[in-house]
Structures are given as C-alpha cells and as structure tokens.
Amino acid sequence: MKTTVAVISDVHFDPSNAASGSARRGAIADILFLRAVHRLNRMIRPDLTLLLGDLVNRGESPEAPADLARIRAIAGLIESPVIAIPGNHDGDPDAFYSAFERPAPFCDVHGIRFVPFVDPEEPGYNARRTPRDIERMAQARAGFAGPIVAVHHAPLFPPGAADCPYNYTNADDVIDAMRAHGISLAIGAHYHAGMAPVYDEGVAFIAAPALCESPFRFLEIVLDGDDMQVHTHALRMPDELALVDTHVHTHLAYCSENMSIPAAMALAQDFGLAGCVFTEHSGHLYFDKETYWAGRFLPDGVDYAGPGRRCRMDEYLDALAAAGCPPENAALEVDCDFRGRPVIRPADRGRFRYLTGAIHQLDALNAPRPGIDAVAAEFMASLDTFIRSGIRVLAHPFRVFRRAGLEPPATLFGPVARLLRDSAVAAEINFHTNEPPPRFVRLCIDLGVGLTLGSDAHNLYEVGEFAPHLALLKACGYDGPLGDILVDPRHAG
Ligand SMILES: [Fe+2]
Ligand SMILES: [Fe+2]
Ligand SMILES: [Fe+2]
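Residues numbered from 1 in each chain as written. Chains lettered and ligands numbered in written order. Predicted model: local features only at pLDDT ≥ 70, side-chain atom pairs only at ≥ 80, totals over all residues.

Right, let's get into the overall build of the protein chain. Broken down by element type, the protein chain carries 15 helices and 20 strands. Computed over the C-alpha atoms, the radius of gyration of the protein chain is 26 Å, within 12% of the 23 Å expected from 2.2 N^0.38 for a compact globule of 493 residues. Considering the protein chain as a whole, with its 493 residues, one finds that 46% of them fall into the buried category. Sequence-distant contacts, at least 24 apart, represent 73% of the contacts inside the protein chain between residues at least 6 apart. (Helix = DSSP H or I, 4+ residues; strand = E, 2+ residues; numbered from the N terminus. Rg over C-alpha atoms; globule rule 2.2 N^0.38 Å. Buried ≥ 20, exposed ≤ 12 C-beta atoms within 10 Å, placed from the backbone. Contact = placed C-beta atoms within 7 Å.)

What follows covers the domain arrangement of the protein chain. The domain architecture assigned to the protein chain consists of domain 1 (3-234) and domain 2 (239-484). Relative placement of domain 1 and domain 2: their C-alpha centres are 39 Å apart. Listed by partner, the interface residues are nine residues for domain 1 and eight residues for domain 2. Here the side of domain 1 that touches domain 2 is built from residues that sort into four nonpolar, two polar and three charged. (Domains from an automatic or database assignment. Nonpolar A, V, L, I, M, F, W, Y, C, P; charged D, E, K, R; others polar.)

Considering soluble globular proteins, one finds that nonpolar side chains tend to be buried as a cluster. Among the nonpolar cores identified, the biggest contains 148 residues, and V7, L32, F33, L50, V151, L211 and A264 are the most heavily contacted of them. Residue contributions to this core peak at eight residues, all from helix α1 (residues 29-44). Counting only domains with at least three residues in this core, you end up with domain 1 (3-234) and domain 2 (239-484). Residues within four places of L32 in sequence aside, it is in contact with V11, R25, L211, C212, F216 and L235. (Core = buried A, V, L, I, M, F, W, Y, C linked by C-beta atoms within 7 Å.)

Let's shift gears to helix α14 (residues 438-447). By the burial criterion, the buried members of α14 are F440, V441, L443 and C444. Burial along α14 is one-sided: seen end-on, the buried residues are contained in an arc of 160°. Backbone geometry just after α14 places G448 at a positive phi near 80°. (Arc of directions from axis to C-beta.)

Next up on the list: the sheet that holds strand β16 (residues 330-335). Spatially, β14-β15-β16-β17-β18-β19-β20 is the arrangement adopted by the seven strands of the open sheet, whose pairing is parallel. Where the open sheet ends on each side, the last strands, each with one partner, are β14 (244-248) and β20 (451-454). The sheet contact formed by β16 and strand β17 (residues 355-358) spans four bridges and is parallel. Paired with E333 across the two strands is T356, which belongs to β17. (Pairing = 2+ DSSP bridges.)

Their axes nearest at 11 Å, the elements α1 and helix α15 (residues 467-475) cross at an angle of 20°. Judged by the angle between their axes, α1 and α15 are roughly parallel. The interaxial crossing formed by α1 with α15 has right-handed handedness. Two secondary-structure elements touch here, α1 through R39, R42 and M43 and α15 through A467, P468 and A471. Across the contact of α1 with α15, the residue classes tally to four nonpolar, no polar and two charged. (Axes fitted to C-alpha atoms, helices over the stretch in contact; angles between N-to-C directions. Parallel < 35°, antiparallel > 145°, perpendicular 65-115°, else oblique. Left-handed = near helix turned anticlockwise from the far one by under 90°.)

Of all the six residues making up strand β1 (residues 3-8), five are buried; the element is thus mostly covered by neighbouring parts of the structure. Taken together, the five bridges between β1 and strand β12 (residues 217-224) define a ladder with antiparallel strand orientation. Bridge pairing in β12 places V5 opposite I221. Where β1 and strand β2 (residues 48-51) come together, four bridges link them in parallel fashion. Residue I8 lies in a different strand from β2, and its bridge partner there is L51.

Take the environment of P215 next. As for its placement among the helices and strands, P215 is situated in the loop between β11 (203-207) and β12. Once the C-alpha coordinates of P215 and E280 are considered, the two residues, 65 residues apart in sequence, prove to be 28 Å apart. Residues contacting P215, with those up to four places away along its chain left out, are A234, L235 and R236.

This next bit is on the sheet that holds strand β13 (residues 227-234). A sheet is described by the order of its strands in space; here five strands give the open sequence β3-β2-β1-β12-β13, paired in mixed fashion. Two strands in the sheet have a free side with no partner beyond their single neighbour: β3 (82-84) and β13. Adjacent strand axes in the sheet meet at a mean angle of 20° when their direction is disregarded. Two strands pair when backbone bridges link them, and β2 and β3 are joined in this way by three bridges, in the parallel orientation. Opposite L51, over in β3, you have A84 as the bridge partner. Along the sheet, α1 contacts β1, β2, β12 and β13; its crossing angle with β1, the most-contacted strand, is approximately 170°.

To continue, consider the environment of N430. On the secondary structure map, N430 appears in strand β19 (residues 426-430). Through-space distance from the C-alpha of N430 to that of G454 is 5.2 Å; in sequence the pair is 24 residues apart. Non-local contacts of N430, meaning those with residues more than four positions away in its chain, are made with H247, A395, H396, R399, P436, G454 and D456.

With five of five residues buried, β19 is to be regarded as a mostly interior element. Where burial is concerned, the two faces of β19 agree: the one with A426, E428 and N430 and the one with A427 and I429 are both buried. As paired strands, strand β18 (residues 393-394) and β19 are joined by two bridges and run parallel to one another. Following the sheet pairing, L394 is matched in β19 by A427. Across four bridges, β19 lies against β20 in parallel orientation. Bridge pairing in β20 places A427 opposite L451.

Our next topic: unusual backbone geometry. Most peptide bonds are trans, and most residues other than glycine sit at a negative phi. Following S214, the chain continues to P215 via a peptide bond in cis, the omega torsion being 10°. A positive phi angle, near 50°, is found at H12, a position not held by glycine. Here H12 shows up in the loop between β1 and α1. Its 27 C-beta neighbours within 10 Å are what place H12 among the buried residues. Phi at H190 is positive, roughly 75°, even though this residue is not glycine. For H190, the position within the fold is in the loop between β9 (183-188) and β10 (195-200). For H190, a count of 27 C-beta atoms within 10 Å puts it in the buried group.

Structure (structure tokens):
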C-alpha cells in the first residue's frame, strides 16, 4: 500500500521582516504556507503531513504566541493528520505545544510507525539526541514489526556521507540505534537547501528544504514497501515557462479576502510569473454589493436604472496606476447580462487592455428547481451573443453549471469550443471554486482555441498558483510547448 507523506518545514514566519533582502521570506511566509496547504489538499492529498519546525522565526520574542497562532490556524486547514515538531527558532517547546497538538510518542499511519523527536540544539546549529530518546527508539520497535520512520527538525546523516553542514553531535550513536531497531528512514529539515536522500546500509536519510526560501519547496515522500519516491514541489512556477496570470482580483472585489494590488504584483514576481493582469468584476464596480449579489441588474445589464448603481471605474484604474501597474496589465472581468450583453459602459471600453467575459448567472437558474436543459439552452443563447461582444477571453467557461450544482453537459463542449474558435476568443483554465472539464480543454487544444491561465485570485496565496492548471494540461495528454497553446490576451487581436 502506498503511503504519501508531505513534509513542510522552515516556514520562518516573521511579519516584521518585510523590508529585509534576506533569502528567508518571513514576511510572506504565512501566504507561502497557506498556498502549500491548499496545494496539499487539492493535489497531493497526503496520508500524513509533517511540519518539521522553524514554523516561526522569532520564537523567543513577545510576538511569538501571535505568530504561532497564525501558523497554527493555517495548519488547521490541512486535511490529513499532522505531526508538528518545533525547531530551534520556535522557542520553548512547551509554548509551541500550547499552540500545536503534542504528538503521541508513536504515530501509526497505514502500518508505518512515525516517531517524532524534539532534540536539543547544540552549538553550530547542530542537535543531539538524549539517552532517553535513544531509548524511545527501542521502545518504538517493541511489539511492532512494520517500518519505522524517525522525524525531527535537525538533519541526520552518517558522518561524512553527506555534504550537509548540520548534523547530530552523536549521529553515530543515533544511527547505531536506528540500525539496531530497524528504523529505516530519518526525515529532518533545518538545512534550508535540503538534501536528497542518502542511502546507507539499508537506512535512508533525507533533509527537507525550507518553504521560506525561493523557489519555496516542500516534499512529497511516497512509501511503498521497501520503495521510497521523493518528489520536490515548488510554489514558484518555473521561470522558463514565463506564465502570465490573466485573472487577478483587487481589494475592490466584494469577494476579496485580502487582496492588495501592490502585494499581488510583488507576489507575482516571487512566484516566477511573467505577468499579472488585474481583472476586476465590472458588476462590482458599477453596482453596490446588495444589488450585485441579488443580481437585480442582470435583466437590463448596463442599462439598469434602479437603485444601487455606483461607479468605481475611476477608483479601480487610479488604484492600479498608484501601485505602478503598467497599463497593459489593467483589464476587466465583464459580467454577462441575461441577454448575453456585456455589462460595460461604452465609455469604459477603451480604458482596458482587454476584456475577459464571464457568465456568472443565468435567468433559468432562478427557477425553484432549474432544469439542465433550460439552463444549457440559455447558456448557449447567451454565449452566442456574448462571444461576439468584444471579449478576448471567456473566463471559467462552464463554472456557472458547477456553482449551481449541475454537471456541465458534455454535449456543449464541442459547440462552445467551435464558437470560441470562430470568434478568436480564448478559453480560460480556472480552478477557483471550479474543476475545468478535461475533455473540453482537450477539445480546445485540438481545435486550436487559445488558452489562458487564470488564478482568479481573491486571496493573495492564489496569485499565479498554476500547479493544477499545468497538471490538467498534462492529464489532457498535452506535452508540447505551452507557447503553442497559451495566448497572451494583452497582445492578441
Ligand atoms: Fe532550524
Ligand atoms: Fe468570474
Ligand atoms: Fe473572477
């Protein structure tokens, strides 16, 4: 049976560390950690997650409890069981374990026994295992025949066998005990570069890299009998792909969780993007919250004359300019009214580099029990008009079905892809509260419909998070150059 273990370590969260040019990105570490946690939950779905210490950077300071609480709150979102171990930056282990749950002496998952150690620090950022904990290695084996894995903050390697600057001062004794009791794997961290596995007489030793240093890595270790596969994941996108996030929201979105234009622009660089395009909802800029969410403007669209109108278009463009956002990265996500017309005033059209169109609501969905045929018919009728309205990208093409709890009808994939192709409108791949149908994406590729990648970020952790997008393209069987299928809507048309 395969057991997947995620290892996240050396988060070094420190909100006071914003201005430093240090490789340790403590000030954004909560965002990094949140992004990693969502990656785990969506894509990796581990059987166990190890948090191997230095989760905060200033564990001895008065701010430590608040820092730990922030990291603990994010860790609470992890859907797998978690073992958290303090590192040398986390301060007093008892204080650490007032925030995190203290692990049991042994934690068994799928018949594998994980043994957590909180080892004291030694000079030179090394560590030492106490006689009592060496004894616990023997206890772990008593009456247990399965594989045993030791987990700890400091890295452990046979002296001389690895080019790691840190180790245990009593590494030989610890490794002798591992051999004596059949402990076949030691997982540490602390050394920010990380160390690939070292195999030594049937025992494997590994050090997980630091999440807080670019490219913001963590490990997925798959254990299957005697076999171990180690996959390194990076939160930063590969620079050579030069990916552009064509769909990012701002603080002006009613559904913004923590968006900030300057922060999103900075994160786009940290995450290796070649561009970050802001696309605020036109309906959020033209109508107040209540009018927008009630959909009262949808029958008449931009001509809606009832209460609740406002205009924040200038505010949006001014905020982009004030943040130094280049004009080419100013776009708009235009709502579609019930007649398939884009919700945008004629005077505003020329103010944006391009328009992304989104169908968020359909009149047929207002029925007490919406029938799929009526919804599908209205969707196609709206799209037929909307697609020719000057939009360059169709945002999250079938999400309106999914949000309504309906399966997108596969019979629409062909007609929609052909409409997009004939109108030279790109299809967006968007995972925000969405699962794009792989068959539709494949069809777009086959028909030559351009694709864009949109994070639809409403929370900063989402900016440029394209791991699911890239995995989807792979799952569709596409392994050619991304430049052949992705279009940059800023330069199209
Ligand atoms: Fe450390
Ligand atoms: Fe949208
Ligand atoms: Fe959006």
